[in-house]
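# A structural walkthrough
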Amino acid sequence: MTTTTRWATRIRGIVTSTIALAMGNVALAQQPQDRFQPLSQQAQEGISASPLLLAAYGFAWAAVFIYVFLLWRRLGKVEHELADVNAQLAKRARR
Amino acid sequence: MRTARWLVPASLAVALLMFFRAPYLINAAPEESTMGAVQKIFYFHVPSAIVAMLSAIVSGIASAMYLRGRRPMADHVALAAAELVVLFGAVVLATGPLWARKAWGLWWVWEARLVITLIMWMLFVAYLLLRRFGGPGSDVLSSAVSLVGAVLVPFVYWSVNMWRTMHPTTSVVPSLQPEMMKPFLWSLAAFLAFYLALLLTRVRLEKSRAALEQAFLALED
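Remember, it's a predicted structure, so these values are computed and weren't measured experimentally.

Now for the overall build of chain B. Helix and strand counts for chain B come out as 6 helices and 0 strands. Reading chain B from its N terminus to its C terminus gives the helix and strand order α-α-α-α-α-α. Seen through its C-alpha atoms, chain B measures out along the principal axes to roughly 70 × 35 × 25 Å. Here chain B, with 221 residues, has 39% of them falling under the buried criterion.

A word on the overall build of chain A. Assigned secondary structure in chain A consists of 3 helices and 0 strands. Listing every helix and strand of chain A by position from the N terminus yields α-α-α. Burial statistics for chain A: of 95 residues in total, 6% are counted as buried.

Attention shifts here to helix α5 (residues 138-162) of chain B. All names here are of chain B. If you check α5, its first and last C-alpha atoms are 35 Å apart, about what 25 residues at 1.5 Å a residue would give, namely 36 Å. The sharpest bend along α5 reaches about 30° and sits at valine 156. What α5 keeps buried is the set Ser142, Ser143, Val145, Ser146, Gly149, Ala150, Leu152, Val153, Val156 and Ser159. Packed against the buried residues of α5 are α2 (42-69), α3 (72-103) and α4 (112-133).

Each side of the interface is counted separately: chain A has 22 residues, and chain B has 28 residues. Across the side of chain A that touches chain B, the residue classes break down as 16 nonpolar, 3 polar and 3 charged.

With 60 residues, the main nonpolar core has Ala81 and Leu84 of chain B as its most contacted residues. Broken down by secondary-structure element, the contributors of at least two residues to this core are α3 (49-94) of chain A together with α1 (2-28), α2, α3, α4, α5 and α6 (178-220) of chain B. Tallying contributions element by element places α3 of chain B first for this core, with 16 residues. The residues contacting leucine 84 of chain B, other than those within four sequence positions of it, are Ser55, Tyr195, Leu198, Leu199 and Arg202 of chain B.

All names here are of chain B. Mapped onto the secondary structure, proline 168 falls in the loop between α5 and α6. Look at proline 168 and you get partly exposed, because 15 C-beta atoms sit within 10 Å. Taking the C-alpha atoms as reference points, proline 168 and alanine 74, 94 residues apart in sequence, are found 35 Å from one another.

A few words on the confidence of the model for chain A. Per-residue pLDDT for chain A has a mean of 76; in total, 66% of the residues score no lower than 70. Between the elements of chain A, mean pLDDT differs from a low of 50, seen in helix α2 (residues 41-44) of chain A, to a high of 90, seen in α3 of chain A.

On to unusual backbone geometry, then. Residue and element names in this part refer to chain B. We note that arginine 70 has phi near 55°; this positive angle belongs to a residue other than glycine. Positionally, arginine 70 belongs in the loop between α2 and α3. In this structure arginine 70 comes out as exposed when scored by C-beta crowding, with 12 C-beta atoms within 10 Å.

Bringing the confidence of the model for chain B into the picture now. Chain-level statistics for chain B give a pLDDT mean of 91 and a share of 98% at 70 or above. Here the predicted complex scores 0.81 on pTM and 0.88 on ipTM.

What follows covers the packing of α3 of chain B against α6 of chain B. Residue and element names in this part refer to chain B. The geometry of α3 relative to α6 is characterised by a closest axis approach of 9 Å and an angle of 130° between their N-to-C directions. Relative to α6, α3 is oriented oblique. Two packed elements cross with a definite hand, and for α3 against α6 that hand is right-handed. On α6, the residues that touch Pro72, His76, Val77, Leu79, Ala80, Ala81, Glu83 and Leu84 of α3 are Tyr195, Leu198, Leu199, Arg202, Val203, Glu206, Lys207 and Ala210.

With that settled, consider the packing of α2 of chain B against α6 of chain B. All names here are of chain B. Taken N-terminus to C-terminus, the directions of α2 and α6 make an angle of 40°; their axes are 9 Å apart at the nearest point. It follows from the interaxial angle that α2 and α6 lie oblique. Relative to α6, α2 is oriented so that their crossing is right-handed. Within the contact between the two elements, α2 uses Tyr43, Phe44, Pro47, Ser48, Ile50, Val51 and Ser55 and α6 uses Pro183, Phe184, Ser187, Leu188, Phe191, Leu192 and Tyr195. Here the contact of α2 with α6 is built from residues that sort into 11 nonpolar, 3 polar and no charged.

Glancing now at the environment of leucine 67 of chain B. Residue and element names in this part refer to chain B. Checked against the element boundaries, leucine 67 lands in helix α2. On the basis of neighbour count, leucine 67 is assigned to the partly exposed category, with 17 C-beta atoms found within 10 Å. The sequence separation of leucine 67 and proline 178 amounts to 111 residues, and the corresponding C-alpha distance is 44 Å. Once residues lying within four places of it in the same chain are set aside, the contact partners of leucine 67 are Val140 and Ser143.

Calculation rules
Residues numbered from 1 in each chain as written. Chains lettered and ligands numbered in written order. Predicted model: local features only at pLDDT ≥ 70, side-chain atom pairs only at ≥ 80, totals over all residues. Helix = DSSP H or I, 4+ residues; strand = E, 2+ residues; numbered from the N terminus. Buried ≥ 20, exposed ≤ 12 C-beta atoms within 10 Å, placed from the backbone. Expected span 1.5 Å × (residues − 1). Bend = angle between axes of the 7 residues up to and from the residue. Contact = placed C-beta atoms within 7 Å. Nonpolar A, V, L, I, M, F, W, Y, C, P; charged D, E, K, R; others polar. Core = buried A, V, L, I, M, F, W, Y, C linked by C-beta atoms within 7 Å. pLDDT = per-residue confidence, 0-100. Axes fitted to C-alpha atoms, helices over the stretch in contact; angles between N-to-C directions. Parallel < 35°, antiparallel > 145°, perpendicular 65-115°, else oblique. Left-handed = near helix turned anticlockwise from the far one by under 90°.

Following this line, the structure appears as structure tokens:
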């Protein structure tokens, strides 16, 4: 196969795939809408407020309580360690 | 420190009492005409946002003081306030989409208020990550990060007035009806008292940590 023939084949392939893609997009864009559906009151009220409200309250309370618990635990640990080290220092000073 | 000793339990007690009363007041408040019951998320979404912004300003000012004078106390306050920005910011960023899902039909919109709030929150997350994993010198770098976060606060607040957004504007709170204003102010006062208690306790933790480091050094000598 000559170089010219190879290039012609490549260009034909690119053009063919581009046309195929473009036609696919046109086909998708031109899909007809077979019916109109009114936005009913029922559809608008589809999402209930209560679970969202409860989830929001639940998250806020959980976040705050978890933080308070972790803070209380960290503080207790550090102050316990500090008391231990201070006791060791005091013992050493007495010696 | 004598003041702080009674202030922490006092503000914590006030906050807890107010938090337990708040649901009754919020339940008694009227539903908003267009959004219905989901609008009641407002009573803790907005106080959380106010406390997060206040905490960002506290952290920014303390960071500026630390950068100027290198006083450890300023660094302790900056770190404590930054952690609370992340906590209350997380509450804002979690409760907001739950409200938006019902009110706007979307969990999230890439609009000014939401995006700037997210960036501010992420800056304070970056601050905490820097403090945790940054090694020596991270205190100075993180102070600069905190300053940038604090500078964003006015943009967060006024973004809804400066740009056209879906988010309600700042005129909503001053124009609240008395029956909605009362639970809102109650909730806000509870959040502020709780914030004060948490901030003082967190500062105490940092002071204890610094004292522990000093004590370990003294023990090694």
